[in-house]
Each structure stands twice: as C-alpha cells, then as structure tokens.
Amino acid sequence: HHSICAYMAYKKILFAIFGLSVTIQVSRVLGIFVLAFGLGQQLSIAYYFVFVPIINVLVILPMTVAGIGIQEGGFVYFFSHVGMMPSAAFTISILSNLVVLFSILPGGFFYLMQDVSATDPSSLAKTSGVDGARRKWLH
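Residues numbered from 1 in each chain as written. Predicted model: local features only at pLDDT ≥ 70, side-chain atom pairs only at ≥ 80, totals over all residues. Heavy atoms only, no water.

Trainee: Help me understand the overall build of the protein, please; the structure alone is not making it clear to me.
Mentor: Scanning the protein from terminus to terminus reveals seven helices and zero strands. Moving toward the C terminus, one meets the helices and strands of the protein in the order α-α-α-α-α-α-α. Among the 139 residues that make up the protein, the fraction classed as buried is 19%. Restricting to contacts in the protein with at least 6 residues of sequence separation, those with at least 24 account for 47%. Summed over all atoms, the accessible surface of the protein reaches about 10000 Å², with 73% contributed by carbon and sulfur. (Helix = DSSP H or I, 4+ residues; strand = E, 2+ residues; numbered from the N terminus. Buried < 20%, exposed > 50% of the residue type's maximum accessible area, 1.4 Å probe, protein only. Contact = heavy atoms within 4.5 Å. Areas by Shrake-Rupley, 256 points an atom, 1.4 Å probe, with all protein chains shown as cover.)

Here's what the structure looks like:
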C-alpha cells in the first residue's frame, strides 16, 4: 500500500508506463496475427485480441516451469474452437516463441559483453545508466 501511494505522486510517469505496456501488448497480438496470416490463417483479428491476452495471463501463472506447454495448449484450445486447425495453432505458438527468442538475443549478447561485476550491484547501476534514467523520469 505504501509503495502504491508513493507512486501516486508520479502520475505522469505511471501514465507513460501504462501506455508503453499497452503498446507492447498490442504489438505482441499484432505480431502473432501477422505470423498467423503469413501461415495462411485468416481468422478475424478480434479473436487474437481476445485469446492472446488470456493465454499470456495463463502462461505467467505458476502451473509449470516457465509456462512450458501452457502457451501451446492455450493456442490449440482457443483457436481450434474458432476454426483454426490445431496443428496450425501449435505452429503459430512455437513460431511466436522463436520470434521473441531471436529478438532478445542481441540484447543478451550485449549484456554478456558488459564488464560488470556480478558481486557489486552499484557497478551495474553505473554502467547501465539506471540512476540517470531514474532521475530523468522522476524530475
């Protein structure tokens, strides 16, 4: 409660972060829609905007290790009920994971190349610009 109240003084920042979060979720749905369309699946985009967020929530629930199998099962379950072949839904799920994996690999590479001591948390803040970014957003 105290943390939430402390952030209430920064409504502009919270609104900006909320907007970025919505943008990320919409882009994820659109990316999956484009991937499915590229594989010849021509369902209404509305199904994607309903099903993908539900599947994302299911994935973050602590039912399996890293949500393995939940996303795939969710895609097959939901999309097969609206006319998509289960094999196509499964393929779209796997390919969407691969797209995410390949998109984060460059960041992981650059992170590994940083000369940051894992035992000194202050060195991470200095090299990553966390303090400067925090000051910029808070003022």
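Trainee: Looking at this structure, I do not really get the side chain of Gln71. What am I missing?
Mentor: Following the sequence through the fold, Gln71 ends up in helix 4 (residues 70-80). The contacts of Gln71, once residues within four sequence positions are left out, are Arg28, Ile55, Val59, Ser93, Ser96 and Asn97.

Trainee: Would you mind going over the packing of helix 2 (residues 11-38) against helix 5 (residues 86-113) with me for this structure?
Mentor: If you want to describe how two helices pack, look at the angle between their axes and the distance between the axes. Their axes nearest at 10 Å, the elements helix 2 and helix 5 cross at an angle of 125°. In terms of axis orientation, helix 2 runs oblique to helix 5. Considering only the axes of helix 2 and helix 5, their crossing is right-handed. For the pair helix 2 and helix 5, contact is made by Arg28, Ile32, Leu35 and Ala36 and by Ile92, Leu95, Ser96 and Val100, respectively. Classifying every residue of the contact of helix 2 with helix 5 by side-chain character gives six nonpolar, one polar and one charged. (Axes fitted to C-alpha atoms, helices over the stretch in contact; angles between N-to-C directions. Parallel < 35°, antiparallel > 145°, perpendicular 65-115°, else oblique. Left-handed = near helix turned anticlockwise from the far one by under 90°. Nonpolar A, V, L, I, M, F, W, Y, C, P; charged D, E, K, R; others polar.)

Trainee: I would appreciate a short explanation of the nonpolar core in the present structure.
Mentor: The nonpolar side chains of a soluble globular protein tend to be buried with one another. Tyr48, Val52, Phe75, Phe79 and Met84 are the most contacted members of the largest nonpolar core, which totals 15 residues. Secondary-structure elements contributing two or more residues to this core are helix 2, helix 3 (45-60), helix 4 and helix 5. Take this core: its biggest share by element is four residues, from helix 3. For Val52, the residues in contact, after removing those within four places along its chain, are Val29, Ile32, Tyr47, Phe75 and Phe79. (Core = buried A, V, L, I, M, F, W, Y, C linked by side-chain atoms within 4.5 Å.)

Trainee: Looking at this structure, I do not really get helix 5. What am I missing?
Mentor: Given 3.6 residues per helical turn, the α-helix brings residues three or four places apart onto the same face. Helix length check: helix 5 (28 residues) gives 41 Å between terminal C-alpha atoms against 40 Å at 1.5 Å per residue, within 8%. At Leu105, helix 5 is bent by approximately 35°, the largest bend along its length, and proline Pro106 sits one to four residues beyond. Buried within helix 5 are the following residues: Ala88, Ala89, Ile92, Ser93 and Ser96. (Expected span 1.5 Å × (residues − 1). Bend = angle between axes of the 7 residues up to and from the residue.)

Trainee: Mind showing me how you'd approach the packing of aromatic side chains here?
Mentor: The description of two aromatic rings rests on the distance between their centres and on the angle between their planes. This model, assessed by the stated rule, comprises nine aromatic pairs. An aromatic cluster is present here, built from Phe33, Phe37, Tyr47, Tyr48, Phe51, Phe75, Tyr77, Phe78 and Phe79 joined pairwise through their rings. (Phe/Tyr/Trp six-rings, centres within 6.5 Å; stacked < 30°, edge-to-face > 60°.)

Trainee: Can you walk me through the side chain of Ser96 in this structure?
Mentor: Relative to the helices and strands, Ser96 is located in helix 5. Excluding residues within four positions of it along the chain, Ser96 makes contact with Ile32, Leu35 and Gln71.

Trainee: Which parts of the structure should I look at to understand helix 4?
Mentor: Within helix 4, the full set of buried residues consists of Ile70, Gln71, Glu72, Gly74, Phe75, Phe78 and Phe79. The secondary structure elements touched by the buried residues of helix 4 are helix 2, helix 3 and helix 5.

Trainee: Would you explain a nonpolar patch on the surface in this entry?
Mentor: A cluster of nonpolar side chains, Phe90, Ile94, Leu98, Val100, Leu101, Phe102, Ile104 and Leu105, forms an exposed patch at the surface whose accessible area comes to about 690 Å². Note that Phe90 resides in helix 5. (Patch = residues over 30% accessible without salt bridge, like charges linked within 9 Å, V, L, I, M, F, W, Y side chains within 5 Å. Salt bridge = Lys/Arg side-chain N within 4 Å of Asp/Glu carboxyl O.)

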